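Understanding the architecture of this molecule
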Amino acid sequence: MDSTLACLAAWMPRQRWYAAKGRPPSLRLVSWWDMAVDSDDLGESDGGVRVRTFLVADEGALPAVLYQIPVVERATETVRADPLHTIGSPTPGTTFIDGPHDPAYAQALLRLIARGGTARGPQTTAIARAVAADSVPALATARVVSGEQSNTSLIYEGVGTPVICKVYRQLHAGLNPDIELQEALARAGSTHVPRPIGSIEGTWPDLATAHGSVRGSLAFAQEYLPGVEDAWRVALLAAARGEDFRVQAGALGAATAHVHVALTRCFPTRNPTAADRDAAAATWERRFAIAIAEVPEVAGQRDAAVAVYRRALEVPWPPLQRIHGDYHLGQVLHSPERGWLLVDFEGEPLRPMAERRQPDFALRDVAGMLRSFDYVAGSLRLDDPDRSADAVRAWALDARAAFVEGYAETSGSGLDPRHPLLGALELDKAVYEAIYEARNRPTWVAIPLRAIARLVERPAPVT
């Protein structure tokens, strides 16, 4: 297996889902499992093809990161794959191809989810569960979605309902909320999420304790809706054209509230405790301290930010519930027939799975979407410095107000856009964005910096 790990170590850092950019992997093979290959999926010269999924730990990271790497092993003379998706040749005459980009893996994955069943390897078991197998397209062709950061998704289209299947590249113990929440919402009759098709769950050795095994999510399939656009693109085009977006933003607020209300019926809620307030205060303080160290421009606003956080800690808090957890315009699709659809319920990718599944503030999702409208306006100013700042800012203010109004009316919460907790959560999100942009896109840091300056100057609500 040394040659296999050497190939993977050379290939992984070039992949978008690899977490430790700029550092070579330190890999250990944890286990693997094989998938059955149907002869109908193979050409005349494709004999001897093997589809294997490796579970590989990168122990150079702290804590270690476990990756799922599906591989199709083919005779080198038969390989016609794009070099970008060729992993390497661990042994002479054999070539590894990144599984999602090879039809043998793509079809084996869809078949396993549609039929259900179990695939086994040393210390590993993958169990597929079909929710709506009748919707799986027959004679499907597969293509890989481009641009994803932490997963790899395949779209299957053929005779029947198109399907999109997300393969989780970084694995975590515990049921992924992407699966848990969407399946619960679909069972509850929500029209604001795509219909689940099936999933694959696996067991593997516990990296944390080196004893026993853990269970986690490997893949999730749901209906794919052709002709949809993500809300970011819809909003960006509207803002660029100066089109009024208040009706669409209000409908998005209503859809968000519908999902939040449904989640309170699907999962338990609880009242916040003193420990919750202490934890929130510590998180806000720690994040602002990091921002001061990495984005010195915010240092002068520390006292004003502390005042924002203090006001949030002094008012009553609503019950905690399950939420989306990483909510912005890029996590919403617009369908001409079905309106707004929420997707990607994984939560923040860097948080442990157990934390992502904990009840949280519904207002955190609201704050995330408000920040996303600001990002639309900010990105337009970056792309076109001559564009009127007042015009794009007015567009964002109108969209934000309409979103909150739609959310408040549907949820029945009577949400005040100046609610101290909402202000604190939006400020904390903007501080996070400033840190992220300083590390990854320095030319974008002006967007969250303008937001921080505005949010700390917001007058306290009248009591």
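This one's a predicted model, so the numbers in the text were calculated from it and none came from an experiment. (Residues numbered from 1 in each chain as written. Predicted model: local features only at pLDDT ≥ 70, side-chain atom pairs only at ≥ 80, totals over all residues. Heavy atoms only, no water.)

Considering the side chain of Arg356
Mapped onto the elements, Arg356 comes out in helix 8 (residues 353-356). For the buried residue Arg356, which engages in no salt bridge, the nearest side chain bearing the opposite charge is Glu346, 4.2 Å off. One polar contact links the side chain of Arg356 to the main-chain carbonyl oxygen of Glu346, over a distance of 3.1 Å. In this structure the side chain of Arg356 is engaged in a polar contact, spanning 2.9 Å, whose partner is the backbone oxygen of Arg351. Aside from chain neighbours lying at most four places away, what touches Arg356 is His172, Pro177, Arg322, Glu346, Gly347, Glu348, Pro349 and Arg351. (Helix = DSSP H or I, 4+ residues; strand = E, 2+ residues; numbered from the N terminus. Buried < 20%, exposed > 50% of the residue type's maximum accessible area, 1.4 Å probe, protein only. Lys, Arg positive; Asp, Glu negative; His and termini not counted. Salt bridge = Lys/Arg side-chain N within 4 Å of Asp/Glu carboxyl O. Polar contact = N/O pair within 3.5 Å; in protein donor to acceptor, adjacent residues only side chain to side chain. Contact = heavy atoms within 4.5 Å.)

Thoughts on the packing of aromatic side chains
Taken as a whole and assessed by the stated rule, the structure comprises eleven aromatic pairs. Seen in terms of ring centroids, Trp284 and Tyr309 are 5.1 Å apart; in terms of plane orientation they differ by 20°. Their pairing is stacked. Taken together, the residues span a long stretch of sequence, with Trp284 in helix 6 (residues 274-294) and Tyr309 in helix 7 (residues 302-314) at a distance of 25 residues. Summarising the burial analysis for this pair, Trp284 and Tyr309 share the class buried. Sitting above the plane of the Trp317 ring, Arg277 keeps its charged end 4.4 Å from the centroid. (Phe/Tyr/Trp six-rings, centres within 6.5 Å; stacked < 30°, edge-to-face > 60°. Lys NZ or Arg CZ within 6 Å of the ring centre and 35° of its normal.)

Details of the sheet that holds strand 15 (residues 332-335)
Ordered in space as 14-15-16, the three strands form an open sheet in which the pairing is antiparallel. Edge positions in the sheet fall to strand 14 (229-230) and strand 16 (339-342), since each of these pairs with one other strand and no more. Here strand 14 runs beside strand 15; their pairing, made up of two bridges, is antiparallel. In the sheet register, Asp230 faces strand 15, and the bridge partner there is Leu333. (Pairing = 2+ DSSP bridges.)

Brief notes about the packing of helix 4 (residues 231-241) against helix 9 (residues 362-383)
Running from amino to carboxyl end, helix 4 crosses helix 9 at an angle of 50°, the nearest separation of the two axes being 10 Å. In this view, helix 4 runs oblique relative to helix 9, as classed from their interaxial angle. As helix 4 packs across helix 9, the resulting crossing turns out to be right-handed. In this structure, helix 4 uses Trp232, Ala235, Leu236, Ala239 and Ala240 to contact helix 9, whose residues at the interface are Ser372, Tyr375, Val376, Ser379 and Leu380. Of the residues in the contact of helix 4 with helix 9, the class split is eight nonpolar, two polar and no charged. (Axes fitted to C-alpha atoms, helices over the stretch in contact; angles between N-to-C directions. Parallel < 35°, antiparallel > 145°, perpendicular 65-115°, else oblique. Left-handed = near helix turned anticlockwise from the far one by under 90°. Nonpolar A, V, L, I, M, F, W, Y, C, P; charged D, E, K, R; others polar.)

Some remarks on empty space enclosed by the protein
By rolling a water-sized probe across the atoms, one finds the places where empty space is left. A complete count under the given rule lists four cavities of 30 Å³ or more for this structure. A volume near 90 Å³ is recorded for the second largest cavity. As for the second largest cavity, its lining consists of Ile323, His324, Gly325, Gly347, Glu348, Arg351, Glu355, Arg356, Gln358, Asp360 and Arg364. Residues that form the lining of the second largest cavity fall into these classes: one nonpolar, four polar and six charged. (1 Å grid on protein atoms, 1.4 Å probe; cavity = no way out; pocket = protein on both sides within 12 Å on 5 of 7 lines; lining within 4 Å. Points joined across faces, edges and corners; volume = space filled by probe spheres on them.)

Points about the nonpolar core
Formed by 73 residues in total, the largest nonpolar core has its most connected members in Phe245, Leu252, Trp284, Phe373, Trp395, Phe403 and Leu427. If you tally residues by element for this core, the top one is helix 9, at ten residues. When neighbours within four sequence positions are excluded, Leu427 is seen to be in contact with Ala305, Val308, Tyr309, Ile452, Leu455 and Val456. Grouped together as the second largest cluster of nonpolar side chains are 39 residues, Leu112, Ile113, Ala126 and Val136 included. (Core = buried A, V, L, I, M, F, W, Y, C linked by side-chain atoms within 4.5 Å.)

A closer look at the pattern of salt bridges
Counted under the stated rule, the structure contains 34 salt bridges. The salt bridge involving Glu223 is made with Arg338; its shortest N-O contact spans 2.8 Å. One end of the pair, Glu223, is in strand 13 (residues 213-223); the other, Arg338, is in the loop between strand 15 and strand 16, and 115 residues separate them in sequence. Under the relative-accessibility criterion, Glu223 is labelled buried at 11%. Accessibility expressed as a relative area gives 32% for Arg338, which makes it partly exposed. Across the salt bridge formed by Glu433 and Arg371, the nearest N and O atoms sit 2.9 Å from each other. Of this pair, Glu433 sits in helix 11 (residues 420-440) while Arg371 sits in helix 9, placing them 62 residues apart in sequence. Here the two residues Glu433 and Arg371 agree in accessibility, since each one is buried. Members of the salt-bridge network, linked through shared partners, are Arg371, Asp374, Arg393, Arg400, Glu426, Glu433 and Arg454.

By themselves, these figures tell us nothing about what the structure is for.
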